[in-house]
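Examination of the molecular architecture
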Amino acid sequence: MWPILAIFAVLAAGTRADIIDLRWVVASDDTIQPASVDQPVITINGKFPGPLINATTNDIVKVNVFNNLDEAFLFTWNGIQQRLNSWQDGVSGTNCAIPPGTNWTYAFVAKDQIGTFSYFPSINYQKLAGGFGAIRVNNRIVIAVPFPKPTAEFDLLISDWFSSDYRVLRSTLGAATEIPDMILMNGKAPFGYSTSKPSESFEVTKGNTYRFRVSNVGSMLSFNFRIQNHQMVLVETEGSYTNQITLDSLDVHVGQSYSVLVTADQDVSDYYIVASPKLLNTSDNSPLVAKGVLHYTNSGSPVSGPLPIGPDPWDIEFSVNQARSIKWNLTAGAARPNPQGTFNVSNVTLSETIILHGSEANIDGMYRHVVNNVSYLTPETPLKLADYYVNGSGVYRLGDFPIQSIKDPATFGVSVVNAAHKGWHELVFQNDLTMMDSWHLDGSGFYVVGFGDGEWTSSSRSTYNLYDPVVRSTVQVYPGGWTAVYVFLDNPGMWNLRSQHLKKWYLGQELYIRVHDDDPNPAKENPPPENLLLCGMFGTIAPTGAPAPQPGG
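Cut-offs and rules
Within every chain, residues take consecutive numbers counted from 1 along the sequence as written. Selection of residues for local features in this predicted model requires a pLDDT of at least 70, selection of side-chain atom pairs for listing and counting requires 80 or more, and totals for whole chains, interfaces and linings are taken over all residues. Side-chain measures were taken over the full set of non-hydrogen atoms in the model, leaving aside hydrogen atoms and water. We call two strands paired when DSSP finds no fewer than two bridges between them. Starting at the N terminus, helices and strands are each numbered in turn, a helix being any DSSP run of H or I of at least four residues and a strand any DSSP run of E of at least two. Every angle, taken between N-to-C directions, lies between 0 and 180 degrees, and every axis is a line fitted to C-alpha atoms, over only the stretch in contact when it is a helix. Disulfides are defined in this document as cysteine sulfur pairs within 2.5 Å. Whether two residues are in contact is decided by their heavy atoms, any of which lying within 4.5 Å being enough. Working definition of a nonpolar core: buried Ala, Val, Leu, Ile, Met, Phe, Trp, Tyr and Cys residues. They are joined through side-chain atoms within 4.5 Å. In this scheme, a residue with accessible area under 20% of its type's maximum is buried, one over 50% is exposed, and one in between is partly exposed, where area comes from a 1.4 Å probe on protein chains only. Any N or O atom pair separated by 3.5 Å or less is treated as a polar contact, with the protein-specific requirement of one donor-capable and one acceptor-capable atom, and with residues adjacent in sequence counted only for side-chain atom pairs. Starting at the helix axis, one direction is taken to each C-beta atom, and the arc is that of these directions. Note on definitions: salt bridges are taken to be side-chain nitrogens of Lys or Arg within 4 Å of carboxyl oxygens of Asp or Glu. Pairing of aromatic rings covers Phe, Tyr and Trp, the last counted by its six-membered ring, and requires centre-to-centre distances within 6.5 Å; plane angles under 30 degrees mean stacked, over 60 mean edge-to-face, and any other angle means tilted.

**Observations concerning the sheet that holds strand 15 (residues 240–247)**
- Pairing is mixed in the open sheet, where 6 strands are placed in the order 10-9-12-17-14-15. Sheet topology places strand 10 (182–185) and strand 15 at the edges, where each strand pairs with a single neighbour. Between one strand and the next, the sheet's axes are offset by a mean angle of 25°, whatever the strand orientation.
- In terms of strand pairing, strand 14 (residues 232–237) meets strand 15 through 5 bridges, oriented antiparallel. Residue pairing for strand 15: Leu234 is matched across the bridge by Ile245.

In C-alpha cells form, the structure reads like this:
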C-alpha cells in the first residue's frame, strides 16, 4: 500500500507543489436568514458561502471535514478532475458518506488544472441550504496568463433560495417545477430587498481592471449576468482560457463558472450588478432578480435608474449563438506551457457514441427523472468500493444500461457504463423536456462540439465545431434540443455523469462511467486511501487486502 503523500509525490513529480491544509466544521445555523425566513443555512466554519479554496496548479489540497449536522454529508469538488483519484470525488457512487458527529479528510491534487470552480454538498438535497463555496486554481508562475494581471479578483457565487426547509422540500418533490423564492449573490439578498438585510457590493477604482469569477451554484435556474454601463471581456471558463470576446451580458447555466474582466471606465458612481433568470418572467423589483452593487471608490452617487436591460429571457437563439461564440484559446498555455491547441479534436477516432435522453417518468406511482428511461437508484454500497473489491458483484452489472436507446417502460436501475480507457467518446445529451438542463462529468472535461434543436442524428455532425471547441466540465442543453461533446477518458475511475439541476439529479437523472485499467500501478490510478470509509455490504470491516478504515481521517 502506497502512503497517500507518496502518491501525491508521484502526481506532482517535477513540479513545485504546496500542501493546503484546511479544517472545516460543517454545521446548520438558524440565525442566518438571507430572506427573513426560517430555512436553516449550512455553514462552513460559520460562513455562508463557505471559505475560498485558493490553490495553484498541482497543489495538494487536504480538507478535514467535521460533520456537525444531524445527517450524513459529502462534498463534491465541481470541475476538479481528481486525476487518478476518484476515491476523493465526494459523490454517493465513490464515497461512503461522513456520518454525523464524525470527521473525514479529503486529499486531492489540482493536477494539471487552472481555472474557476466550486464545491457543494452532493447528497440529501443539502446544497439547497448552502455548504457551497468557490475554488480558484491559479497558474504556476512559469506559465503566462493570457491577459494583463488584474488589480484584484472577486468571487461571485449566485444561488437560489427557498423559504421552506430543504428537508421538507426533498420529502415532497413532485411533478410540479418548484420556483425558488429568491436569487442570492454570495449568500446575500438582492439590493433593495430589505433595509435589514445586506446586499453584495464590490469596490473598484476608476481606471483599473478586475477579474470577476462568476459561478452558478443554484439548483435549477440559468441566469443572465450583466453590469450596468460596463462591458465584460470573457477570458476563462471551468479550466479553459477562451478566445477573448467582449460582451454586454453573459448566460450562466446551473453548475457553470466563468471569468470575466471588467474595467472601471465609467464616471465615479455606483452601478447595478444583475443576474436575472432565464425562461422566467420577472420584474426589476422581483426577489428572483439578483442585484448587487459595483461601487467606485469615493463615489457619492448611489445606484439609480432602471436595471441594465438584458436579452429576452425566452430568447433561446441569443443564448445558443452566444454559446457557439465561446471558443478555446488555442495559443494560450494553461496548466502546462504548451498551448491548449496542442490537444484538439480535429482528427480523432471515436471509440463509442453514447446518446442520453433526459426526461421524466412515473415509476411505480413515483415521479422520477430518467436517463434513457432509467432512473438511477443509489445503492447502499458505493460503486467504487464494489468495483475495487468484488468487481461490482451484488451492486451493479455492466451492460444493463442502454447507451443509444430508451428502455420501455421506465424503470429503476444502478446505471453504469463501461467505457474504453484512453478512448475518445461522443456524448449526445438530448433534452426531452421544455426546461433548461445542464450536464456535468466528474473526472474529465467536455469538448463542446455542437448544439442543435430537435432530435440529434448522425447528420448533425456536419454542424460540429471541431477546430476550437471550448473544454469545460458542465454544458447546457436547451429545451427540446441536443448538445454534443467529445471526451477523452484517460482518467481511470468510477465517474459521476449527472444533471446539475438538483431536483433532476436527486430524482435519478445520473449514471456512472467506469473507466478501468487492469494495471494496478498507482501512477495510473491511486489505490484506496488509508482513511477509507466503509459502508453498505462491507459494513465497517475491510475486505481482505483492504486498508483498515481510519476514524477521524
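On we go.
**Considerations on the sheet that holds strand 1 (residues 19–29)**
- With mixed pairing, the 4 strands of this open sheet are ordered in space as 2-1-4-6. Edge positions in the sheet fall to strand 2 (41–44) and strand 6 (103–109), since each has one partner strand and no second. When the angles between neighbouring strand axes are averaged without regard to direction, this sheet yields 25°.
- Relative to strand 2, strand 1 runs antiparallel, the two sharing 4 bridges. Of the residues in strand 2, the one forming a bridge with Asp29 is Val41.

**Here we look at the state of the cysteines**
- Counted according to the given criterion, the structure contains 1 disulfide.
- Here Cys96 pairs with Cys535 through a disulfide, and the sulfurs are 2.1 Å apart. Between Cys96 and Cys535, the disulfide has an S-S torsion of -85° and is therefore left-handed. Pair noted here: Cys96 is in the loop between strand 5 (75–78) and strand 6 and Cys535 is in the segment after strand 32 (510–515), with a separation of 439 residues, a long-range link.

**What to know about unusual backbone geometry**
- Residue Pro49 is reached from Phe48 by a cis peptide bond, and omega for that bond is -5°.
- By the secondary structure assignment, Pro49 is in the loop between strand 2 and strand 3 (53–56).
- Along the chain, Asp408 connects to Pro409 via a cis peptide bond; the corresponding omega equals 0°.
- Its location among the elements puts Pro409 in the loop between helix 4 (383–390) and strand 23 (411–413).
- One non-glycine residue with positive phi stands out, namely Asn373, at about 65°.

**Some remarks on the environment of Ser28**
- Here Ser28 is to be found in strand 1.
- For the pair Ser28 and Asp364, spaced 336 residues apart in sequence, the C-alpha separation works out to 35 Å.
- Not counting the four nearest positions on each side in its chain, Ser28 is found in contact with Pro40, Val41 and Leu69.

**Looking at the nonpolar core**
- Residues Phe429 and Leu497 are the most contacted members of the largest nonpolar core, which totals 76 residues.
- Considering each element in turn, this core owes the most residues, 6 residues, to strand 30 (residues 481–489).
- Those residues in contact with Phe429 that lie beyond four places of it in its chain are Leu356, Trp439, Phe446, Val475, Val477, Gly481, Trp482, Thr483, Val485 and Leu497.
- Counting residues in each nonpolar core, the second largest holds 66 residues, with Trp24, Trp77, Leu157 and Ala386 among its members.

**Concerning the pairing of strand 13 (residues 223–227)**
- Within strand 13, 5 of the 5 residues are buried, leaving the element largely enclosed by the surrounding structure.
- Every second residue of strand 13 is oriented toward a common face, with Phe223, Phe225 and Ile227 on one face and Asn224 and Arg226 on the other, all of them buried.
- As paired strands, strand 13 and strand 18 (residues 270–277) are joined by 5 bridges and run antiparallel to one another. Bridge pairing in strand 18 places Phe225 opposite Ala275.

**Concerning the environment of Phe446**
- When you line up the elements, Phe446 lands in strand 27 (residues 446–453).
- Separated by 25 residues in sequence, Phe446 and Val471 place their C-alpha atoms 5.3 Å apart.

**A short note on the side chain of Asp387**
- Summarising the element assignment, Asp387 is placed in helix 4.
- According to the relative accessible area criterion, Asp387 is buried, its value standing at 11%.
- Here Tyr396 takes part through its side chain, which lies 2.6 Å from a polar atom of the side chain of Asp387.
- Once residues within four sequence positions are removed from consideration, Asp387 is found in contact with Gly392, Tyr396, Met494, Arg514 and His516.

**A word on helix 3 (residues 316–325)**
- All of the buried residues in helix 3 are Ser319, Val320, Gln322 and Ala323. Projected down its long axis, helix 3 shows its buried positions confined to an angular sector of 160°, all on one face.
- Considering only its buried residues, helix 3 is in contact with strand 15, strand 16 (250–252), strand 27 and strand 29 (474–477).
- Of the residues flanking the start of helix 3, the one acting as N-cap is Asp315, its side-chain oxygen 3.2 Å from the backbone nitrogen of Glu317.

**Digging into the pattern of salt bridges**
- The full count for this structure, using the stated rule, is 20 salt bridges.
- Asp400 is the salt-bridge partner of Arg397, the closest N and O atoms lying 3.2 Å from each other.
- The exposure class of Arg397 is exposed, given its relative accessible area of 59%.
- Asp400 gets classed as partly exposed once you look at its relative accessible area, which sits at 35%.
- Across the pair Arg461 and Glu426 runs a salt bridge, and its minimum N-O distance is 2.7 Å. Here the residue Arg461 occupies a position in the loop between strand 27 and strand 28 (471–472), and Glu426 occupies one in strand 25 (residues 423–431), the gap between them amounting to 35 residues.
- By relative accessible area, Arg461 is classed as partly exposed at 32%.
- One salt-bridge network, in which partners are shared between bridges, spans Arg136, Glu153, Asp155, Arg211, Arg213 and Glu236.

**Details of the packing of aromatic side chains**
- Summed over the entire model, instances satisfying the criterion amount to 33 aromatic pairs.
- Look at Phe202 and Phe212: their rings are 5.3 Å apart centre to centre, the planes differ by 80°, and that puts the pair in the edge-to-face class. Within this pair, whereas Phe202 is found in strand 11 (residues 201–204), its partner Phe212 is found in strand 12 (residues 209–216), the two being separated by 10 residues in sequence. The pair formed by Phe202 and Phe212 is uniform in burial state, with each residue classed as buried.

**Let's talk about the side chain of Gln82**
- Tracing the chain through its elements places Gln82 in the loop between strand 5 and strand 6.
- Overall, Gln82 belongs to the buried group, its relative accessible area being 1%.
- Look past the residues within four positions of Gln82 in its chain and what remains in contact with it is Trp77, Gln88, Asp89, Phe108, Asn491 and Trp495.

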